Amino acid sequence: MNNKSSVQSSGYQSIDVPFEYRHTCWFCGEPYYESYSFMASPNYDRQQLPIMVPCCQECYTFCHSIKVSGLDLLRDKVKEKLHRKYEKHLQIGANWTKEELEDSEFEGKALEGFRESAWKMFEIAKYRVNYSGWPLTIDGLPVMGITSSFQVEFNGIIYPSLVQAVVQLAKAYNIPQPYLEDVVEVVGRNRLAYALRFAKTTYGYSAEEREASIVSLKVMLAEESAQSREETKPALGIDVAVSEITELILSRTMISPHAIQWVLKEGISTLSQLAEHEDAFFEYFTQESELVAFTYFNGIQVYLDKRETDCEWAMNEDPNRALFGRIA
Ligand SMILES: [Zn+2]
């Protein structure tokens, strides 16, 4: 079959649907209802023909009110609408565990009904917002520029963006949204759990109280990072001749005296210090060869790990314990 001519005669393109997904909504995994014909707006990439995307009834309806420039943005907007519509269902997971819900003693018919269906509703909503579709291709060619890099996961639920996550989580945990935004900005997007914990345990939400909490949060984080820098800061190093160092084998790995010599010279005695100086290590030993550098690094990691996890051995049996004693 000639795809080009079929496209021209039909006036649209369809995304490829693998056999096992042929009755499935690309957005949320629910049963297929109708294909939505997507045209980019604004049309930056000069899309010529509408692209048909299989939808369930609900996502199909959502799509009609969305104007975006690409299919990934369309997906994110549909997910946002799902998040909003099923907000109460998704909050069940934030407020309860399955076991708590089963053990809880709701009284009255309506509440009993809630208990029986609540977890199911939560799981369905979670499945739909988390559903990632299948890889987008048209006539076997990948659709370019599709990204999910703005997505954020928290507590097993995927949000299309950090902004969206903050909006929903502020509601779920009863935290003023502007305050949660401030906290997330201070702690960073990778520490949402920390941000939420902090925001939840904040004492009072008046403007002054919030400001004071943000200040103390900044102080806490500054102390935390100073401490981690302290931990990875090496001691004063020592110069030792290779002949003074004992080569050893641990976990079938040879640990080169040259590598040991280097860490002693740099004053490194822990894995975290080594990690901080990984680049310098490789820069130094790659002069010999990449393989040498890699082998040495691997060996010294095994060695430092052994010294850290087996203090007994490090203090009494390590043949180089006296040398490490001098830098500690
Ligand atoms: Zn759907």
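Refer to the structure presented above.
Below you will find a few notes about this structure.

Procedures and definitions
Residues numbered from 1 in each chain as written. Predicted model: local features only at pLDDT ≥ 70, side-chain atom pairs only at ≥ 80, totals over all residues. Heavy atoms only, no water. Axes fitted to C-alpha atoms, helices over the stretch in contact; angles between N-to-C directions. Helix = DSSP H or I, 4+ residues; strand = E, 2+ residues; numbered from the N terminus. Parallel < 35°, antiparallel > 145°, perpendicular 65-115°, else oblique. Left-handed = near helix turned anticlockwise from the far one by under 90°. Contact = heavy atoms within 4.5 Å. Nonpolar A, V, L, I, M, F, W, Y, C, P; charged D, E, K, R; others polar. Donors = N, O, S within 2.8 Å, 3.2 Å for Na, K, Ca; no water. Tetrahedral: all angles 85-135°; square planar, octahedral: opposite > 155°, others 65-115°. Buried < 20%, exposed > 50% of the residue type's maximum accessible area, 1.4 Å probe, protein only.

## Looking at the packing of helix α11 (residues 257–266) against helix α14 (residues 290–309)
Right, on to step 1. Running from amino to carboxyl end, α11 crosses α14 at an angle of 65 degrees, the nearest separation of the two axes being 9 Å. By the angle between their directions, the pair α11 and α14 is classed as roughly perpendicular. Relative to α14, the crossing made by α11 is right-handed. Contacts between α11 and α14 involve H258, A259, I260 and V263 on the former and, on the latter, Y296, I300 and Y303.
Right, on to step 2. Residues that form the contact of α11 with α14 fall into these classes: six nonpolar, one polar and no charged.

## A word on the coordination of the zinc ion
Each angle at a metal carrying four tetrahedral donors should ideally be 109.5 degrees, and each at a metal carrying six octahedral donors should ideally be 90 or 180 degrees.
Right, on to step 1. Distances from the zinc ion to its protein donors, C25 (SG), C28 (SG), C56 (SG) and C59 (SG), fall within 2.3 Å.
Right, on to step 2. Geometry at the zinc ion is tetrahedral, judged from its four donor atoms and the angles of 102 to 116 degrees they form at the metal.
Right, on to step 3. Each donor residue of the zinc ion belongs to the same chain, and together they define the spacing C-x2-C-x27-C-x2-C. Residue C25 is located in the loop between β1 (13–14) and β2 (34–38), and its partner C56 is located in the loop between β3 (51–55) and α2 (57–64); the two are separated by 31 residues in the primary sequence.
Right, on to step 4. What makes C25 buried here is its relative accessible area of 0%.
Right, on to step 5. A relative accessible area of 4% means that C56 is categorised as buried.

Everything listed is a geometric property; what it means functionally is a separate question.
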